[in-house]
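# Examination of the molecular architecture
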Amino acid sequence: MRLYDIVALVTPDLTDEDAQKVAAEYRKILSDGGAEIVKDEPWGRRRLAFPILRKREAYYHYFQVSAEPAIVAETERRMKLSDQVLRHLAVRADLELKRAAKSAERQREKAARRPPRPPAPMLPATPAEAPQPIEKGGSS
Amino acid sequence: MSPAPRGGSRSAAAVREGKTGGRKKFFVRRRKVCKFCAEKLEYVDWKDVKLLQSFIPERGKILPRRISGTCALHQRKLQTAIKRARSIALIPYATD
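Below or above, wherever it landed, is the structure these notes cover. (Residues numbered from 1 in each chain as written. Chains lettered and ligands numbered in written order. Predicted model: local features only at pLDDT ≥ 70, side-chain atom pairs only at ≥ 80, totals over all residues.)

Here we take up the overall build of chain B. Regarding its fold elements, chain B presents five helices and zero strands. Traced from its N-terminal end to its C-terminal end, chain B shows the element sequence α-α-α-α-α. Residues counted as buried form 17% of the 96 residues belonging to chain B. For chain B, the proportion of contacts with a sequence separation of at least 24, taken over those separated by at least 6, is 60%. (Helix = DSSP H or I, 4+ residues; strand = E, 2+ residues; numbered from the N terminus. Buried ≥ 20, exposed ≤ 12 C-beta atoms within 10 Å, placed from the backbone. Contact = placed C-beta atoms within 7 Å.)

Right, let's get into the overall build of chain A. From N to C terminus, chain A includes five helices and four strands. Ordering the α and β elements of chain A from the N terminus gives β-α-β-β-α-β-α-α-α.

Each side of the interface is counted separately: chain A has 14 residues, and chain B has ten residues. At the level of elements, β1 (2-10), β2 (36-52), β4 (85-92) and α3 (94-113) of chain A are the ones that each hand at least two residues to the side of chain A that touches chain B. With five residues, α3(A) is the largest single contributor of residues to the side of chain A that touches chain B. Of the residues that constitute the side of chain A that touches chain B, the class distribution is eleven nonpolar, one polar and two charged. (Nonpolar A, V, L, I, M, F, W, Y, C, P; charged D, E, K, R; others polar.)

Right, let's get into unusual backbone geometry. All names here are of chain A. Even without being glycine, L53 reaches a positive phi, approximately 50°. For L53, the position within the fold is in the loop between β2 and β3 (55-67). Despite not being glycine, R54 shows a phi value in the positive range, around 65°. Relative to the assigned elements, R54 resides in the loop between β2 and β3.

Glancing now at the packing of helix α1 (residues 16-32) of chain A against helix α2 (residues 69-81) of chain A. Describing two packed helices takes the angle between their axes plus the distance from one axis to the other. Residue and element names in this part refer to chain A. It is at 9 Å that the axes of α1 and α2 come closest, and there the two elements cross at 155°. By the angle between their directions, the pair α1 and α2 is classed as roughly antiparallel. With respect to the hand of their crossing, α1 and α2 are arranged in right-handed fashion. Contacts between α1 and α2 involve Y26, I29 and L30 from the first element and I71, E74, T75 and R78 from the second. Classifying every residue of the contact of α1 with α2 gives four nonpolar, one polar and two charged. (Axes fitted to C-alpha atoms, helices over the stretch in contact; angles between N-to-C directions. Parallel < 35°, antiparallel > 145°, perpendicular 65-115°, else oblique. Left-handed = near helix turned anticlockwise from the far one by under 90°.)

This part covers the sheet that holds β1(A). Sheet strands pair via backbone hydrogen bonds, and the direction of the pair is either parallel or antiparallel. Residue and element names in this part refer to chain A. In spatial order, the strands read β2-β3-β1-β4; together these four strands make up an open sheet with antiparallel pairing. Whereas interior strands pair on both sides, the edge strands pair on one side only; in this sheet they are β2 and β4. Within the sheet, the average angular offset between the axes of one strand and its neighbour, ignoring direction, is 20°. Relative to β3, β1 runs antiparallel, the two sharing nine bridges. Bridge assignment links A8 to a residue of β3, and that residue is H61. (Pairing = 2+ DSSP bridges.)

Shown next, in the form of structure tokens:
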């Protein structure tokens, strides 16, 4: 099982509900294929940075799934065939995350190996605090 | 082979500016730090449009390392992140 990020751009010609239905279709394909859906976020109707098939907006839908490669390939194939999906992107997310975790750990190790810093010199903060109790004592 | 000359001349310039004010224009160059290293962001998220936008100037091109100060490792990650974001129209390929 590998972690994937999948984003689909659904045609703006549909209504909000219909766009949700299209997303649900792909959710079904994924889960029927044995994928575990980690995140399922509709990003809503967004303006495109550039027109795609003369459309200036699209419904974005984001999935993060833990799945076998074959299922993701199948989902991508269907998205490609669909007229309702303007564009899609499916990329692996686990490689980056794993690498990030590893390098974070390496840094922690490095920090642990470094000799501890000498304690910071105490700032002369105490004299400023000292007079206050006396004032309080005088007022009460 | 040592990186000393750059840092040395820079600090000298800063000192001169501070003392004399000078006829020539000296400006203290801020040392550029890789944003991702500074904030300990290991992973450049291609979904984070706001972050990526800060590395995209007016024209829509990827801001070069020599200007942004991003380290080589993170520039590479940023590059792939921007390209991914472009492919799903989160970010423009080019603007005019």
